[in-house]
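Topology and contacts: notes
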Amino acid sequence: MEAEWGRVGRTAGYLSGGALLVGTILYLLDATNALGTVHFTPEAVSPIQNPANFWVAAFAHQHDILWDVIARDTLFPFAFLALIVLALAVRPFVAAHRPDTQLMIAFFVVGGVISMLNDLIYLGATDYWRLTGWSNVPAVSMVAAGRSENAIESLTRWPEAAGFVVLAAALVCLGNLCRSEAALPTRLAVVAYVEAALLIGIALAGVMEADTPYNVFSLLTGALVGPVLAAWLGWHLGGVGAAGRTPEPVAATG
């Protein structure tokens, strides 16, 4: 059984780390305006026309980078799903009855599901962005469409923060297991704790709408620490499973 879960864990770790890395890069390309910006200049027109023109320009820009939005918000749910599988693969190699083990799995499942749903909700905005011809829509209707699209984006702010906080709790439990279970690499505990702290940072920056800290934390979490953690853990589980080692559970300390 350990060998099978080891193979599953290695595959899940590589897939989660890879999807997280590519998805983060795609997000940062958009967030740093590497793919272009919204071209809008306020004019001396009616109060309703300026916001309508802004939304027309914003929708046109999002239409141009629609491939990026769909790709990254498809990869992120895939990464979270693989992360849940990776957490399940840890269980056969540690003491299953320990609170850290059971809480780790529960938190990874809950946090991963919330995060997946959050990304899928955001994809709902593509129903607006994939259409063209918004410049022909009356100003009042255009403003209404813009506000509706903005509401979808706003709906993802708090679920994203909640999902990241729960995932941070899962990573703390994983770090505790790495420190006390012989089957897991001790040095991985530091990586897990750092990733947990970064996720809390993203959650706080997101709800505070602080774009620069959010982007910095996203870079560190999704393009550096997160992929390393997932790939390292997956690689290690594959090695332990292949060796057929089932260490005796180490008693929890503290």
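Owing to the predicted nature of the structure, the values given are computational and were not obtained by experimental measurement. (Residues numbered from 1 in each chain as written. Predicted model: local features only at pLDDT ≥ 70, side-chain atom pairs only at ≥ 80, totals over all residues. Heavy atoms only, no water.)

Time to look at the side chain of Thr 126. When you line up the elements, Thr 126 lands in helix H5 (residues 126–129). Under the relative-accessibility criterion, Thr 126 is labelled buried at 10%. Dropping the residues within four chain positions of it, Thr 126 is found in contact with Leu 66, Val 69 and Ile 70. (Helix = DSSP H or I, 4+ residues; strand = E, 2+ residues; numbered from the N terminus. Buried < 20%, exposed > 50% of the residue type's maximum accessible area, 1.4 Å probe, protein only. Contact = heavy atoms within 4.5 Å.)

The terminal C-alpha atoms of helix H1 (residues 2–31), which comprises 30 residues, lie 42 Å apart, in line with the 44 Å expected from a rise of 1.5 Å per residue. Directly beyond the C-terminal end of H1, a positive phi value near 65 degrees is found at Asn 33. (Expected span 1.5 Å × (residues − 1).)

To continue, consider the packing of aromatic side chains. By the definition in use, this model includes seven aromatic pairs. Look at Phe 54 and Trp 55: their rings are 5.3 Å apart centre to centre, the planes differ by 70 degrees, and that puts the pair in the edge-to-face class. The class of Trp 55 is buried, set by a relative accessible area of 14%. Considering the side-chain rings of Phe 59 and Tyr 128, the 6.0 Å spacing of their centres and the 55 degrees angle between planes classify their relative orientation as tilted. Taken together, the residues Phe 59 in helix H2 (residues 49–64) and Tyr 128 in helix H5 connect sequence positions 69 residues apart. The exposure class assigned to Phe 59 is buried, which follows from its relative accessible area of 1%. Tyr 128 sits in the partly exposed class, given a relative accessible area of 21%. Feature note: the residues Phe 54, Trp 55, Phe 59, Tyr 128 and Trp 134 constitute an aromatic cluster, connected by ring pairs. (Phe/Tyr/Trp six-rings, centres within 6.5 Å; stacked < 30°, edge-to-face > 60°.)

This part takes up a nonpolar patch on the surface. On the surface, a cluster of nonpolar side chains totalling about 570 Å² of accessible area is made up of Val 109, Val 110, Val 113, Leu 117, Leu 120, Ile 121 and Leu 155. When residues in the nonpolar patch are grouped by element, the largest group, six residues, is from helix H4 (residues 99–122). Among the secondary structure elements, Leu 155 is positioned in helix H6 (residues 139–155). (Patch = residues over 30% accessible without salt bridge, like charges linked within 9 Å, V, L, I, M, F, W, Y side chains within 5 Å. Areas by Shrake-Rupley, 256 points an atom, 1.4 Å probe, with all protein chains shown as cover. Salt bridge = Lys/Arg side-chain N within 4 Å of Asp/Glu carboxyl O.)

Here we take up the environment of Gly 23. Structurally, the position occupied by Gly 23 is in helix H1. Sequence separation of Gly 23 and Leu 75 is 52 residues, and the distance between their C-alpha atoms is 5.7 Å. The contacts of Gly 23, once residues within four sequence positions are left out, are Arg 72, Leu 75 and Phe 76.

Opposite charge on two side chains allows them to pair when their charged atoms are near. For the structure on display, the rule yields seven salt bridges. Close ionic contact of Arg 157 with Glu 209 constitutes a salt bridge, the shortest N to O distance being 3.7 Å. With a gap of 52 residues between them, Arg 157 in helix H7 (residues 157–180) and Glu 209 in the loop between helix H8 (188–207) and helix H9 (211–243) connect regions that are remote in the sequence. When its relative accessible area of 53% is taken as the criterion, Glu 209 is described as exposed. Salt bridges here are not isolated pairs; linked through shared partners, they connect Asp 30, Asp 68, Arg 72 and Asp 73.

A few words on the packing of H2 against helix H3 (residues 66–90). With their axes 4 Å apart at the nearest point, H2 and H3 run at an angle of 65 degrees to one another. Each of Gln 62, His 63 and Asp 64 in H2 lies in contact with H3, whose residues at this interface are Leu 66, Trp 67 and Val 69. Among the residues forming the contact of H2 with H3, the class breakdown is three nonpolar, two polar and one charged. (Axes fitted to C-alpha atoms, helices over the stretch in contact; angles between N-to-C directions. Nonpolar A, V, L, I, M, F, W, Y, C, P; charged D, E, K, R; others polar.)

What follows concerns the state of the cysteines. Using the criterion set out here, one finds zero disulfides in the structure. Distance from the sulfur of Cys 173, which forms no disulfide, to the nearest cysteine sulfur (Cys 178) is 11 Å. When its relative accessible area of 0% is taken as the criterion, Cys 178 is described as buried. (Disulfide = S-S within 2.5 Å.)

This paragraph deals with the environment of Leu 199. Here Leu 199 shows up in helix H8. Using a relative accessible area of 7% as the deciding quantity, one classes Leu 199 as buried. The spatial distance from the C-alpha of Leu 199 to the C-alpha of Ala 144 is 34 Å, given a sequence separation of 55 residues. Beyond its immediate sequence surroundings of up to four residues, Leu 199 is in contact with Phe 164, Leu 167, Ala 168, Leu 171 and Thr 221.

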